[in-house]
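# Structure assessment
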Amino acid sequence: MSVLDVRHLNVRIPTEDGVIHAVRDVSFSVDSGDFFGIVGESGSGKSVLVQAIMGLIPGARITGEVWFDGHDLLTMKPDALRKIRGRAISMIFQDPLSSLHPQFTIGWQIVEQIRTHRKVSRAEARRMTVEILGKVGIPDPDTRFSAYPHQFSGGMRQRVMIAMALVLNPALIIADEPTTALDSTVQAQILDLLHEMREEFDATILMITHDLTVLARVADNMMVMYAGHKLEAGPARELFARPAHPYTSGLLRSSPGNYEPGTPLVPIPGKPPSLLNPVTGCVFAPRCPDAMSKCWSETPPLRTYSNGLETSCWLTEAPSEPEASEEMQDVSTLPITVLNPNTTELATPIVQINDLELSFRSKRGRTSVDVLRGIDLAIFRGETLGLVGESGCGKSTLARVIAGLIPATGGKVHLAGHDLSTVNHEQWRSLRREVQLVFQDPYGSLNPRRRVGSIIGDPFRIHRISSGEKRKKSVQQLMELVGLNPEHYNRFPSQFSGGQRQRIGIARALALNPSIIIYDEPVSALDVSIQAQVLNLMSSLQKEFNLTYLFISHDLAVVRHVCDRIAVMDKGKIVELAATEQLYADPQHDFTKVLLEASAPEEKPQSRAFPELLSTVHAGDLTAGDLIAGGVR
Ligand code: SF4
């Protein structure tokens, strides 16, 4: 029995640039007790879709039907809809810190949620709150009832959000990227918790995410969205094992977990289309390796296969598997030096750290916190060293000490043979070019008011290396090297996509031919297909210029793919350091074992046989009931 039936949903949002058609004729149903996932890249319309279902987009023009508990939510009055929200349908948001009110205790917030929707005494609401906090794994719930959100870790805050979503036993829980902001171990715990709570409360869960690996772990059924369209839907296991749509196949191909470590990834070329424009033919045609002439002019039909998949595509056989290709520029004219790996002294560490300590003292010096404790580490030329661990373990702080941004309080850091604790200001100025950083957030790390040519040219200007036309030429060569159009020299960062902005950061880092580049979560803010493009670029640049990377990430699939060795950090210490495959094959430390277990991929079906085509419905023939009748289940 369906808990939620969405029929021919269209969402149009008026903006200054025109009307964004964010969701286009999407139909699906979620059965009672189902764990239903919606996956798609940024801008695919998945968040807009659930917000439209919940009546949370003021000013949007929404058409279609959304049936829940015998009511079409789209025709309900705001007051009636408000009663359903929170009681019968609840939501878990991506960022629990901003979703919880910082000035109220978590107990008070859950009690208010209960008393808004149910007539119960304050004492009874408190009892319910303590009970649900215990069930979601908050230790000592009676005492923690009075704690404030900032007194909880990210994972614990998300548990509180789940408790809040479950406390009224809703028929449907909508989870919007509930694990995106969490470390892999905490992410695994939260996914397991959602799974357990689904069983215990007999709840139905609709989860949206950009991360396919998350759904592989928990979803029964799922839908793939792209540029506002539903492209494929069906049982999750089948969709992962034998995707019938080239876009789903491309998303899976982009994921580092599906490759031998170190081999080039095969990203989906190009980028999603603007949602301002009408679409003729297949919306995915410009990026599709299987596109045929009719794909450009005729809307593909909805096809149903014997394994339960519904696919909007003209293909009747398995999508093709494009080969990886490594495109490199002619590097002879570039402003950075090409090192010959054969002549490089691989045994010389670029960075040598001995017994490093870092403590932060309170203003009055009465208390101190040990952030880095007794770290010994060497990073060698030409290698990629991965640094993994949970949030707050000291990874980024260690990177900042290596970059000279924070002075150590004990021990030694040698960078390119120089002891950082003894260099004077002038020496440091020239030494600074040896280490460059690429940051996680490609939006926040570029000044939005400056043109990219000027941003990439900063290192040449600061270190007085070149000026005028010569500098412009060097910058344009760097832009070309990282796959940016040199003609976009005068554009602003806002005119580039997330992946392109990360390329700008890499170009800037390369400008001074540094001894080491520190990547601090460089791809965690990117969609999987863009992530694959950036990882390929980093890898080909490293091979070409024999670069040395320190790669910080909480995504162990990415780390395994790109790193030669991995250092595992826990509570300010390096608890294990080993060659990548050795670490995965035979982890020694308990913490490493927990990390690897949390990121282990689910077992996938072995058979790759393409299923039989059962039926075809042409887009023009569809009626409201067709998609539900031939729906996901
Ligand atoms: Fe590719 Fe054509 Fe299928 Fe679209 S309809 S996904 S362009 S093969």
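The structure we're discussing is the one just above.
Described in the following lines is the structure provided in the data block. (Residues numbered from 1 in each chain as written. Predicted model: local features only at pLDDT ≥ 70, side-chain atom pairs only at ≥ 80, totals over all residues. Heavy atoms only, no water.)

### Let's talk about the overall build of the chain
On a plain count of helices and strands, the chain comes out with 21 helices and 23 strands. Over its C-alpha atoms the chain spans a radius of gyration of 26 Å, differing by no more than 12% from the 26 Å that the globule rule assigns to 633 residues. Put simply, of all contacts in the chain between residues at least 6 apart along the chain, 70% involve residues at least 24 apart. Entry remark: accessible area of the chain is about 28000 Å², with carbon and sulfur atoms responsible for 49%. Between the averaged position of the 64 positive side-chain charges in the chain and that of its 71 negative side-chain charges there is a distance of 9 Å. (Helix = DSSP H or I, 4+ residues; strand = E, 2+ residues; numbered from the N terminus. Rg over C-alpha atoms; globule rule 2.2 N^0.38 Å. Contact = heavy atoms within 4.5 Å. Areas by Shrake-Rupley, 256 points an atom, 1.4 Å probe, with all protein chains shown as cover. Lys, Arg positive; Asp, Glu negative; His and termini not counted. Charge placed at Lys NZ, Arg CZ, Asp CG, Glu CD.)

### Observations regarding the state of the cysteines
All chains considered together, the criterion is met by zero disulfides. With no disulfide partner, Cys563 has as its closest neighbouring cysteine sulfur the one in Cys393, 14 Å distant. (Disulfide = S-S within 2.5 Å.)

### Things to note about the sheet that holds strand β4 (residues 61-68)
Sheet architecture is open: four strands sit in the order β2-β1-β4-β5, paired in antiparallel fashion. Strand pairing shows two members of the sheet lacking a second neighbour, β2 (18-31) and β5 (71-72), which therefore form its edges. Relative to β5, β4 is paired through two bridges, and the arrangement is antiparallel. Opposite Phe68, over in β5, you have His71 as the bridge partner. (Pairing = 2+ DSSP bridges.)

### Regarding the site of the ligand
Around the ligand, a shell composed of 13 residues is seen, among which Cys282, Cys288, Cys295, Cys313 and Trp314 lie nearest. The class makeup of the residues in the shell around the ligand is eleven nonpolar, one polar and one charged. (Near = heavy atom within 4 Å. Nonpolar A, V, L, I, M, F, W, Y, C, P; charged D, E, K, R; others polar.)

### Section: the packing of aromatic side chains
Inspection of every chain in the model, using the stated rule, returns seven aromatic pairs. Both rings, one in Phe28 and one in Phe36, keep their centres 5.4 Å apart while their planes meet at 15 degrees; by these two values the pair is stacked. Measuring from ring centre to ring centre gives 4.7 Å for Tyr519 and Tyr549, while their planes differ by 85 degrees; the resulting arrangement is edge-to-face. Of this pair, Tyr519 sits in strand β19 (residues 516-520) while Tyr549 sits in strand β20 (residues 549-552); the two residues are 30 residues apart in sequence, bridging distant segments of the chain. Residue classification places Tyr519 among the buried residues on the basis of a relative accessible area of 0%. Ring-pair connections join several aromatic residues into one group, and the members of that group are Tyr226, Tyr247 and Phe284. In this structure, Arg126 is placed above the aromatic ring of Phe145, and the distance from its NZ or CZ to the ring centre is 4.1 Å. (Phe/Tyr/Trp six-rings, centres within 6.5 Å; stacked < 30°, edge-to-face > 60°. Buried < 20%, exposed > 50% of the residue type's maximum accessible area, 1.4 Å probe, protein only. Lys NZ or Arg CZ within 6 Å of the ring centre and 35° of its normal.)

### Structural notes on the side chain of Gln542
Looking at where Gln542 falls in the secondary structure, it is placed in helix α17 (residues 528-545). Note on Gln542: relative accessible area 14%, which makes it buried. A polar side-chain atom of Gln542 sits 3.4 Å from the main-chain carbonyl oxygen of Glu383. (Polar contact = N/O pair within 3.5 Å; in protein donor to acceptor, adjacent residues only side chain to side chain.)

### Structural notes on the sheet that holds β19
Taken together, six strands build an open sheet; the order of strands is β18-β19-β20-β15-β21-β22 and the sheet is mixed. Looking at the sheet topology across the chains shown, the edges are occupied by β18 (435-438) and β22 (573-579). Neighbour to neighbour, the strand axes of the sheet diverge by 20 degrees on average, direction disregarded. As defined by bridge partners, β19 adjoins β20 across four bridges and the pair is classed as parallel. Bridged to Ile518 within β20 is Leu550. Running at roughly 105 degrees to strand β21 (residues 565-570), helix α20 (residues 590-599) makes contact with β15 (384-388), β21 and β22 of the sheet. (Axes fitted to C-alpha atoms, helices over the stretch in contact; angles between N-to-C directions.)

### Remarks on the environment of Leu613
Looking at the secondary structure, you find Leu613 in strand β23 (residues 613-617). In the structure, Leu613 is positioned 303 residues away from Glu310 in sequence and 9.8 Å away in space, judged by C-alpha atoms. Dropping the residues within four chain positions of it, Leu613 is found in contact with Arg303, Thr304, Tyr305 and Thr316.

### Focus on the environment of Ile518
Assignment of secondary structure puts Ile518 in strand β19. Ile518 sits 34 residues away from Ile552 along the chain, and the two C-alpha atoms are 7.7 Å apart. Not counting residues up to four positions away in its chain, the partners in contact with Ile518 are Ala399, Ile402, Ala403, Val435, Gln436, Leu437, Val438, Leu550 and Ile552.

### Section: a positive patch on the surface
Together, Lys83, Arg87, Arg118 and Lys119 line one region of the surface with positive charge. Within the secondary structure, Arg118 is located in the loop between α4 (106-117) and α5 (122-135). (Patch = residues over 30% accessible without salt bridge, like charges linked within 9 Å, V, L, I, M, F, W, Y side chains within 5 Å. Salt bridge = Lys/Arg side-chain N within 4 Å of Asp/Glu carboxyl O.)

### A word on the packing of α4 against helix α7 (residues 154-166)
Where α4 contacts α7, the two axes come as close as 9 Å, and the packing angle between them is 20 degrees. Classified by the angle their axes make, α4 and α7 are roughly parallel. Classified by chirality, the crossing of α7 by α4 is right-handed. Between α4, through Ile106, Gln109, Ile110 and Gln113, and α7, the contact on the second element is made entirely by Val160, Ala163 and Met164. Partitioned by chemical class, the residues of the contact of α4 with α7 number five nonpolar, two polar and no charged. (Parallel < 35°, antiparallel > 145°, perpendicular 65-115°, else oblique. Left-handed = near helix turned anticlockwise from the far one by under 90°.)

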